[in-house]
Every structure is written in C-alpha cells, then in structure tokens.
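Chain by chain, the residues run as shown.
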Amino acid sequence: MRKIAFLLILCFGFLEISAQMSAPRKERRRSSLYIVDNTGAIKQKQALDSAINKNLSQEENLPADEFYDEWSTKGVNAGRVAIVDVPDSVTLDITGYIPPIEGRITSRYGPRWGRFHYGIDIKLNTGDPLGSAFDGKVRITKYDRGGYGSYVVVRHDNGLETVYGHLSKVLVEEGQQVRAGEIIGLGGNTGHSTGAHLHFETRFLGNPINPEQFFDFELGEAKRSLYFMVKETAFDWHKPYKIKAKRKARAKARQIAISNSAGGSSCCHKVKKGETLSCISRKYGISVTDLCKLNGINRNKSLRLGQPIRYN
C-alpha cells in the first residue's frame, strides 16, 4: 500500500510540474501572437498615413478659396482677376514659408530685354530638388515649350499662388495637397531658358507680385509674418503698361491732328502755365529730344508762357 501511495504522489506531482511549465509557454505564445498582430496594425497605419500625406486630393476646399471664384488647370493666367477688380488692400499670412531652394539670384523681377520678367531666377544644378514655399494644393503641372518649360503652380492656403518653372522633372500631380518644403520637382533647363535655374513667381488672384516684397532670399526667410498688400504698390508691373497705353493713345491723337491739318502743315502748341517740355512730349507722343530738335532749343531751357512749340 505504501508503494502504491508513493507512486500516486509522484504521478500527481509530475502532472502539476508539467502544468506549471507549460503555462508560461502558452502565455509567451499568446504574447508573441499579440506582438505580431500589433506590428501588422502599426504597419497598416503607417501605410495609410503615407498615402494620406502623399495625396490628399479629397480635401476640396482651401482657406484661399475665399479669394478665388474658380479652380482652373488651363494655364498660369487662367482665372486672372483684372487689376481694377483686385481688392485695394488685403493682409496675407506668410508665416510657414520655406525657400524652394537656396541659391544665388541671377535675374530679378522687372523689365528685362524689352519684356517684363514676372518672377526671379535662382541658380541651381539640373536635378536639384525644389520644395513648395507654403502649404497648399497643386493647381497645374504642364509643359510650355516656349516659356516655362515643365512647370508647377501651387495655390496656397494664404491666398498666394507660386509658380516653379524650367523643371527637369515634376514629382506631384494636379490636385495633390502639399506641405511647405515638400519636394514638388527637380530643377532644370526646360522651355525658354539659357541655363539651369528656377524661375519663381508669386501671384495674387493671378497677378504677379515681386517675390522680394515677401521674402529675403539671402537669409532664406519671410521678411515679416504678415504682408499688408496695397494694390497701388504691389502691382507696380502694371504701371509701365498703363503709361505705354497712354503714350500710344497720344501718338494716335497726334497722327489724327496731323492728318486733319491743312496740307500737313506743322502743328504748334502754345505753352501754358506750369508746362514743361516733358509735359508737352507726353501730350503729343513725341520725345523731348525730338521736340528740342524741331524747335532748336535746349532741353534745360525754361519755357515762356504762350511760347509756340512745334510737335510736328
């Protein structure tokens, strides 16, 4: 009997020890399975986040939509608002600016080679990555052989649009949401270009504004957090064309006056109080130099009240 009892005790002891040893293994197995499942969930979330960050085309509206009536992919100037219809003043938030690329400015905004240059050119090497200046949404990605080459236009939350021209490769799609500093393309020498550079423009309601009014390109930062845009000074590119149009109108009036004069006789203007040669030249669309030659006078000579000045 004692032997039987002893054997039973040994059996029960062995079973208990086996149960205790197997429990941690099962627990470890369950824990291991949990870790694997959790890792899979994390990977799925990361993939989803990556897809969202890459393309958030589901976001239909931008804060900038309060300024714009339409969304067009036809071209840079599509939907441009006439200067007369642009608000007289508006405050634009330019915090969060990140330079598209750091480099030397090789050509500035303004008259150039008989035309007007609506942006600035920044030196780079073909293949250099270019980032978006602000958060925003890509409006256009196109190729313009005779101008911008491969280019991107981004409409930003603050109401501005930026143009990136002469790219060697575009890395975004129309309708894609981008973040400030996110790579949108690679620098190049496409389109009407004489060397690898970035042509960079800033526009409001389709109308260009000198980028150097907003940004210090040497320091690579915005000049201020808020930009108070006044129409009269922001769109200074518009003034030369207004003056040119007026001169054309005056020249046309001058030609009409000449054609109406008997036998094409010379036309004279009598000097009025406060008038100068410059005033008379603008009025009749003739240069001061030609006025002086016609009248045999020095451009620095004071005019007399009632003095006849030939303008033909």
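All chains use their own residue numbering, which begins from 1 and follows the written sequence. Per-residue local features of the predicted model are confined to residues with pLDDT of at least 70, and side-chain atom pairs are confined, for both listing and counting, to 80 or more; whole-chain, interface and lining totals are unaffected and use all residues. Working from all heavy atoms in the structure, the side-chain values ignore hydrogens and water.

K.L.:
Outline the layout of surface pockets, listing residues and values.
P.N.:
Put simply, the grid is 1 Å and covers the protein atoms alone, a cavity is a trapped set of points that fit a 1.4 Å probe, a pocket is an open set with protein on both sides within 12 Å along at least five of seven lines, and lining residues have an atom within 4 Å of a point. Grid points are joined across faces, edges and corners, and a volume is the space filled by probe spheres set on the points. Taken as a whole, the largest pocket holds about 600 Å³ of empty space. What lines the largest pocket is a set of 23 residues, and nearest its centre among them are Arg-112, Arg-115, His-117, His-192 and His-199. In this text, helices come from DSSP runs of H or I with a minimum length of four residues, and strands from runs of E with a minimum of two, each type numbered from the N-terminal end. Looking at the lining of the largest pocket, the elements that each hand over two or more residues are strand E2 (105-107), strand E4 (115-117), strand E5 (120-123) and strand E13 (197-204). Nonpolar residues are Ala, Val, Leu, Ile, Met, Phe, Trp, Tyr, Cys and Pro. Charged residues are Asp, Glu, Lys and Arg, and all others, Gly as well, are polar. Across the lining of the largest pocket, the residue classes tally to 5 nonpolar, 12 polar and 6 charged.

K.L.:
I'd like a rundown of the pairing of E13, residues and numbers included.
P.N.:
Each residue is placed in one exposure class: buried if its accessible area under a 1.4 Å probe, protein chains only, is under 20% of its type's maximum, exposed if it is over 50%, and partly exposed if it falls in between. Extensive coverage of E13 is indicated by the burial of 8 of its 8 residues. Side chains His-197, His-199, Glu-201 and Arg-203 of E13 all project onto a buried face; the interleaved residues Leu-198, Phe-200, Thr-202 and Phe-204 project onto the opposite face, where all are buried too. Here E5 runs beside E13; their pairing, made up of 4 bridges, is antiparallel. Bridge pairing links Lys-123 to His-197 in E13. Sheet analysis places E13 next to strand E14 (residues 207-209), joined by 3 bridges and oriented antiparallel. Along E14, the bridge assignment pairs Phe-204 with Asn-207. In this description, strands pair whenever DSSP reports at least two bridges between them. Here E13 hands over to E14 after 2 residues, with Leu-205 in that stretch at a positive phi of 55°.

K.L.:
Can you tell me about helix H4 (residues 277-284), naming the residues and giving the values?
P.N.:
Since there are 3.6 residues in each turn of an α-helix, residues three or four apart along the chain are aligned in direction. Among the residues making up H4, those that are buried are Leu-277, Ile-280, Ser-281 and Tyr-284. All buried residues of H4 lie within an arc of 100° about the axis, which places them on one face of the element. Two residues or fewer past H4, Gly-285 is found with a positive phi of approximately 65°. Read the arc as the range of directions from the helix axis to the C-beta atoms.

K.L.:
Break down the pattern of salt bridges for me, with residues and values.
P.N.:
Here, a salt bridge means any Lys or Arg side-chain nitrogen found within 4 Å of an Asp or Glu carboxyl oxygen. In total, this model carries 6 salt bridges according to the counting rule given. Across the pair Asp-88 and Lys-231 runs a salt bridge whose closest N-O atoms are separated by 3.3 Å. A residue pair is termed long-range when its members are at least 10 positions apart, and Asp-88 in the loop between helix H1 (2-54) and strand E1 (89-93) and Lys-231 in helix H2 (residues 231-234) qualify at 143 residues. In this structure Asp-88 comes out as exposed when scored by relative accessible area, which is 57%. One salt bridge connects Glu-161 with Arg-139, and the closest N-O pair in it is separated by 2.7 Å.

K.L.:
Explain unusual backbone geometry residue by residue, including any values.
P.N.:
Although it is not a glycine, His-166 sits at a positive phi angle of roughly 70°. Residue position: His-166 is located in strand E9 (residues 160-167). Here His-166 falls in the buried class, since its relative accessible area comes to 5%. With a phi close to 55°, Leu-205 is a non-glycine residue in the positive phi region. Mapped onto the secondary structure, Leu-205 falls in the loop between E13 and E14.

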